[in-house]
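What the coordinates show
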Amino acid sequence: NPVTVNAGLATLNLLSKNKPYIKLTIQTQKLCKGIMQAAKDYGIRIKMNFLGSMFSFSSDKDLFSRFYHGLIKEGIYFSPSLLETNFLSTAHTSRDIEGTLEAIDKAFNKLVYR
């Protein structure tokens, strides 16, 4: 389909001009390190994996379910399964990362002190 090919080429051209990958990697690292630090602060065991703009974490299935639903109550929507990957995009700002880390802190707090 020529429309699809042209859209793909236009996207690749924008990506080569704007070079968003370094910023995406830095933002993802900031988010993941913040999640790991918050988990450590609350004595919660999780493992983070991240590369570029992709990230995932693993933990006890019950803990993940309670954490996931706690984040939804804070307006943060991660993938609903431990088997899925999350992604940041160029639309996510530093303010979004900070807000997400605040919501994560609240969700961990409720897990520990409920």
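This text gives an overview of the structure that appears in the document. (Residues numbered from 1 in each chain as written. Predicted model: local features only at pLDDT ≥ 70, side-chain atom pairs only at ≥ 80, totals over all residues. Heavy atoms only, no water.)

1. Quick look at helix α4 (residues 94–113)
Its 20 residues place the ends of α4 28 Å apart at the C-alpha level, agreeing with the 28 Å of an ideal helix rising 1.5 Å per residue. Taken together, the buried positions of α4 are Ile97, Thr100, Leu101, Ala103, Ile104, Ala107, Phe108 and Leu111. Down the axis of α4, the sector holding all buried residues measures 165 degrees, keeping them to one side. Turned more than 90 degrees off the buried face of α4, the exposed positions are Arg95, Glu102 and Tyr113. (Helix = DSSP H or I, 4+ residues; strand = E, 2+ residues; numbered from the N terminus. Expected span 1.5 Å × (residues − 1). Buried < 20%, exposed > 50% of the residue type's maximum accessible area, 1.4 Å probe, protein only. Arc of directions from axis to C-beta.)

2. Considering the sheet that holds strand β1 (residues 47–51)
Reading across the sheet, the three strands line up as β1-β2-β3 and stay open at both edges, with antiparallel pairing between neighbours. Here the strands that pair on one side only, and so sit at the sheet edges, are β1 and β3 (86–87). Relative to strand β2 (residues 54–58), β1 runs antiparallel, the two being bridged by five bridges. Among the inter-strand pairings, lysine 47 is bridged to a residue of β2, identified as serine 58. With respect to the sheet, helix α2 (residues 21–41) is in contact with β1 and β2, its orientation differing from that of β1 by roughly 175 degrees. (Pairing = 2+ DSSP bridges. Contact = heavy atoms within 4.5 Å. Axes fitted to C-alpha atoms, helices over the stretch in contact; angles between N-to-C directions.)

3. Topic: the nonpolar core
Among the nonpolar cores identified, the biggest contains 26 residues, and Leu31, Phe67, Leu71, Phe78, Ile104 and Phe108 are the most heavily contacted of them. If one sorts the elements of this core by residue count, α4 sits on top with seven residues. Ignoring sequence-local partners within four residues, the contact set of phenylalanine 108 consists of Ile35, Ala38, Ala39, Tyr42, Ile44, Ile46 and Phe67. (Core = buried A, V, L, I, M, F, W, Y, C linked by side-chain atoms within 4.5 Å.)

4. Quick notes on the packing of aromatic side chains
To describe a pair of aromatic rings, you give the distance between the ring centres and the angle between the ring planes. Taken as a whole and assessed by the stated rule, the structure comprises eight aromatic pairs. For the pair phenylalanine 64 and tyrosine 68, a centre-to-centre distance of 6.1 Å together with 25 degrees between the ring planes defines the contact as stacked. One end of the pair is phenylalanine 64 and the other is tyrosine 68, both in helix α3 (residues 61–73) and four residues apart, which spans about a single turn. Assessed through its relative accessible area of 16%, tyrosine 68 is described here as buried. An aromatic cluster of at least three residues, connected via ring pairs, comprises Tyr42, Phe55, Phe57, Phe64, Phe67, Tyr68, Phe78, Phe108 and Tyr113. (Phe/Tyr/Trp six-rings, centres within 6.5 Å; stacked < 30°, edge-to-face > 60°.)

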